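# Structural features, examined
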Amino acid sequence: RSEVGSDPGQLAISPAEFHACAQQRGPASLLATATHDHKRGEDVRARLAVLSEIPDEWSAAAARWFRLNARLRDPQLDPGDEYQLYQTLVGSWPLELACDDRAALAEFSERILGWRLKSLHEEKIHTSWGDPDARYDRASGAFVRQLLDPACSAEFLRDLADFVQTIAPAAALNGLSQTVLKCTCPGIPDFYQGTELWDLSMVDPDNRRAIDFAVRVAALASEPSLPALLAEWRNGFVKQRLIAELLRLRTQYGDVFARGDYVPVRIEGSRRENAVAFLRTMGRPSALVAVPRLSARACIEAGAPLPKAEFWGDTELSLPAGSDDCRWREALASLPAGQNPELRCSALFARFPAAVLISES
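Fair warning: this is a prediction, and the values are worked out from it, not measured in the lab.

### Some thoughts on the packing of aromatic side chains
Summed over the entire model, instances satisfying the criterion amount to 12 aromatic pairs. Ring centres of Trp 312 and Phe 349 lie 5.2 Å apart, and the angle between their planes is 50 degrees; on these two criteria the pair is classed as tilted. Of this pair, Trp 312 sits in helix H13 (residues 309-312) while Phe 349 sits in the loop between helix H14 (345-348) and strand E9 (355-359), and the two are 37 residues apart along the sequence. Here Trp 312 falls in the buried class, since its relative accessible area comes to 0%. By relative accessible area, which is 2% here, Phe 349 ends up buried. Here a set of aromatic residues connected by ring pairs shows up, and it is made of Trp 58, Trp 65, Phe 66, Tyr 83, Tyr 86, Phe 156 and Phe 163. The ring of Phe 191 carries Lys 182 above its face, with NZ or CZ at 4.1 Å from the centroid.

### A short note on the sheet that holds E9
Ordered by their spatial adjacency, five strands build an open sheet running E3-E5-E6-E9-E8, and the pairing between neighbours is antiparallel. The open sheet has two free edges, formed respectively by strand E3 (261-264) and strand E8 (328-330), since each of these has just one partner strand. Adjacent strand axes in the sheet meet at a mean angle of 25 degrees, parallel and antiparallel pairs treated alike. As paired elements, E3 and strand E5 (residues 275-281) share four bridges and run antiparallel to each other.

Conventions and cut-offs
- Residues numbered from 1 in each chain as written.
- Predicted model: local features only at pLDDT ≥ 70, side-chain atom pairs only at ≥ 80, totals over all residues.
- Heavy atoms only, no water.
- Phe/Tyr/Trp six-rings, centres within 6.5 Å; stacked < 30°, edge-to-face > 60°.
- Helix = DSSP H or I, 4+ residues; strand = E, 2+ residues; numbered from the N terminus.
- Buried < 20%, exposed > 50% of the residue type's maximum accessible area, 1.4 Å probe, protein only.
- Lys NZ or Arg CZ within 6 Å of the ring centre and 35° of its normal.
- Pairing = 2+ DSSP bridges.
- Axes fitted to C-alpha atoms, helices over the stretch in contact; angles between N-to-C directions.

Written out as structure tokens, the structure is:
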């Protein structure tokens, strides 16, 4: 809610509002999920969004951390600033970071300190660039260093790492859904360099760090399918492959995605609130897009960014009149080959948490 361009007074929009916005958006609109000036990387936000779905678990974790770290806290530190720090640690914690790896924690600490100083100064409550409070800045920095030092905070770090690992599958699903929407909604998708894999960056200069292009080139040249890459989702290669496949479709069906109509698709069944779907069409061909939403608990239970099939129950897509006789083919190679895939969500999301179908008739 405090990201650039957001309204702090608005937590979210409904699917109906989302569809209305998409229908009003011009074909040359910019679809950006990260820029040089973002405050939290796109996958940090995707992970923080999970907290809104599990408020009881998040409240309990935050309260636990306030208690655990009371002995380290300078009395002058604002509880609001401490709470924001926990949010940022949860959102940006690298999935491969071990809570006893001193060297890696020290590197992560420096990143957090850079974000922290800028955040507090731009917040302008206790300190600022124009009127800095050196004592508050020192106390805040010392608190960060102690929290990320296993010699001081081993119990907290274990708890933090366990919490992040628990919600990470749900965050990954959010990130993949966001990627699909960005590449298929009306407008032009804009990709900030370095966000092809999971983007757990913070405000600049953290989001301007050097990019390992060699890793990205090698991963993109590999052969695994999207479902195979999903099984190794923690490395982020599945997100990059998804981007590549979606951009390939945009090239192949340029008119559909550049100028095609946007038609909301109704979802029916017990989980109708847990997915969103729409058509992009110019008559022939057409694209049908569907992604999950608000599925955090299902992902946490499954331990993967893919809810179990039984989660979806009787939920299915209900196509508008005139398109229910289309012959669809799956376009992301995430479903078994064949014509006219089932439009039940349990089938559409059986192997991958997104579906893009193409009809040329």
